[in-house]
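Per-entry structural report
Each chain, written out:
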Amino acid sequence: MGRALSRRHLLPLGVLVFCGLLNLVSERGQVVVGLFAMAPLVAAIVLGRRATAAYAVAAVVLAALIGVVGDQYTGGLVVAQSLRLLGVAVGGCLALFACTLRLRREAVLTRLSAEAAEARSAVRMASTLQRALLTDPPTVPGLEIAVRYLPAVQHAQVGGDWYDAFPVPDGTTMLVIGDVAGHDVAAAATMAHARGVLRGIAQTVIGSPAAVLGSLDRALERLAVSPVLTSTVATVRPHPAGPARVRWSNAGHPPPVLLCADGRVRVLDGRPEMLLGTGCPVPRTDHEVDLDRGDTLLLYTDGLVERRGASLDEGTAWLVAALAGLAGQPLEVLCDALLEGKAGGVPDDVAVLAVRTC
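Within every chain, residues take consecutive numbers counted from 1 along the sequence as written. Totals for whole chains, interfaces and linings use every residue, but because this is a predicted model, local features are given only for residues with pLDDT of at least 70 and side-chain atom pairs only at 80 or more, for both listing and counting. Note that water and hydrogens are dropped before the side-chain values are worked out from all heavy atoms of the structure.

Our focus in this paragraph is the pairing of strand 9 (residues 296-300). Of all five residues in strand 9, five are buried, a share of seventy percent or more. Burial along strand 9 is two-sided: Thr-296, Leu-298 and Tyr-300 and Leu-297 and Leu-299, pointing in opposite directions, are all buried. Only strands that DSSP links by at least two bridges are regarded as paired with each other. Each helix is a run of DSSP H or I of at least 4 residues and each strand a run of E of at least 2, with the numbering of both proceeding from the N terminus. Sheet topology places strand 6 (residues 257-259) next to strand 9; three bridges connect them, and they run antiparallel. Paired with Val-257 across the strands is Leu-298, a residue of strand 9. Note on exposure labels: buried denotes an accessible area under 20% of the residue type's maximum, exposed denotes more than 50%, and partly exposed covers the range between, all computed with a 1.4 Å probe on protein chains only.

Following this line, the structure appears as structure tokens:
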């Protein structure tokens, strides 16, 4: 650093030496002391305030000495020489002011660069955490489960949407889809918190998705975590000799959609219930439906059905029509088809969890 600083001093020093030599070789009475003002101006570009001030003083002193050598303080020349010295002094003051502005701008840019680097680091950490939490679904005899997650690319690549599927003690498989408000690192952190609390509750509150959602709402309030989030929680129990029984409860989330094996599509839109995190826990309701062999239950976040300039009802109608056209397709193909064309342009995160009896 010291060597680099010394190299930066070469520029203003060179200006001083050049101006001094130029004045010394000029004919007697012809002085160009105004050029000395260039030295502090050059210093203002490459050095700090203290060095710039030193070069400004040196420029004035050298200009005054050159005036003595050139007999500029005799007769009627003294006024002109004084004005030249004043000009050099004003140039030094302007150089000091410019240096101050440059250093302030550089400090702001340094701070903004550090904040941007910190934000990028936080996003990378949150993205890694989110990928770790959005795990592959479990293998369940009699069920095929497929999941997808697509971030809203116009935001920070992380968000509050999540899916989950895991076994619970009564032998059923719990299915969860949820959406925390926001598309940033804070939303991802809140999602991780809510997901962990819900998983813990599900191991002790058995048999009722509505009870799980109610306990989650109360737990988040007591833990002073107050996210606004929506979620659908379901349990599914496959039966080798009959339909699989699905029980679900919906907390302000888009309704599940059932694609029957024969191509019929049903929106399971029971009475809407309050979302979570409002601070006003309310009674919640369980609903039930049977899945025959080959039926598909689709859980999703609202990013799947949101359309610019269209209502959610119109988006749901699009989803119904799209599913009807995908009847009979493999589950992985069905999920990919629903997300086709959305990569790179979704206004909201999209999470999808699809379950098919087999």
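Moving on: helix 7 (residues 312-325). Expected span of a helix: the number of residues minus one, times 1.5 Å. Taking 1.5 Å per residue as the helical rise, helix 7 with its 14 residues ought to reach 20 Å, and the 20 Å between its terminal C-alpha atoms agrees with that figure. For helix 7, the complete set of buried residues consists of Gly-315, Thr-316, Leu-319, Ala-322 and Leu-323. Here the buried residues of helix 7 occupy an arc of 120° about the axis, which is enough to place them on one side. Exposed and facing more than 90 degrees away from the buried side of helix 7 are Asp-313, Ala-321 and Gly-325. Here a residue-residue contact requires only that any non-hydrogen atoms of the pair lie within 4.5 Å. Where helix 7 is buried, its residues meet strand 6, strand 7 (265-267), strand 9 and helix 8 (331-339). Within this analysis, the arc is defined by the directions that extend from the helix axis to the C-beta atoms.

Attention shifts here to the pattern of salt bridges. Salt bridges, as used here, are contacts in which a Lys or Arg side-chain nitrogen is within 4 Å of a carboxyl oxygen on Asp or Glu. On inspection of all chains with the given rule, the structure shows 11 salt bridges. The partner of Asp-164 in a salt bridge is Arg-195, and the shortest N-O contact between them spans 3.5 Å. Taken together, the residues span a long stretch of sequence, with Asp-164 in strand 2 (residues 161-167) and Arg-195 in helix 5 (residues 185-202) at a distance of 31 residues. For the residue pair Asp-164 and Arg-195, the accessibility class agrees, reading buried in each case. Of the charged contacts in the structure, one is a salt bridge between Glu-288 and Arg-247, with a shortest N-O distance of 2.5 Å. With Glu-288 in strand 8 (residues 287-291) and Arg-247 in strand 5 (residues 242-251), this pair connects stretches of sequence that are 41 residues apart. Overlapping salt bridges bring together Arg-245, Arg-247, Glu-288 and Asp-290 as one network.

Here the nonpolar core consists of buried residues drawn from Ala, Val, Leu, Ile, Met, Phe, Trp, Tyr and Cys, with membership extended through side-chain atoms lying within 4.5 Å. Of all hydrophobic cores here, the largest spans 45 residues; its most connected members are Trp-162, Met-174, Leu-175, Leu-198, Val-246 and Leu-353. Broken down by element, the residue count for this core peaks at six residues, all from helix 5. Apart from the residues within four sequence positions on either side, Leu-198 is in contact with Phe-166, Met-174, Val-176, Val-212, Leu-216 and Val-233. Counting residues in each nonpolar core, the second largest holds 20 residues, with Leu-259, Leu-323, Leu-334 and Ala-354 among its members.

Here five strands make up an open sheet; going across it, the order is 2-3-4-5-8 and the pairing antiparallel. One side of each edge strand has no neighbouring strand; the edge strands of this open sheet are strand 2 and strand 8. Direction aside, the axes of adjacent strands within the sheet are offset by 20° on average. In the sheet, strand 5 pairs with strand 8 via five bridges, with the strands oriented antiparallel. What counts as an axis is a line fitted to C-alpha atoms, over the stretch in contact for a helix, and the angles between N-to-C directions run from 0 to 180 degrees.

In contact at an axis separation of 10 Å, helix 5 and helix 6 (residues 209-222) are set at 130° when each is read in the N-to-C sense. Taken together, the axes of helix 5 and helix 6 lie oblique to each other. Classified by chirality, the crossing of helix 6 by helix 5 is right-handed. Residue-level inspection shows Ala-194, Val-197, Leu-198, Ile-201 and Ala-202 of helix 5 in contact with helix 6, the latter providing Val-212, Ser-215, Leu-216, Ala-219 and Leu-220. An angle below 35 degrees is treated as roughly parallel, one above 145 as roughly antiparallel, one from 65 to 115 as roughly perpendicular, and anything else as oblique. Handedness of a crossing is defined here by the sense of rotation of the near helix relative to the far one, left-handed for an anticlockwise turn of less than a right angle and right-handed for a clockwise turn.

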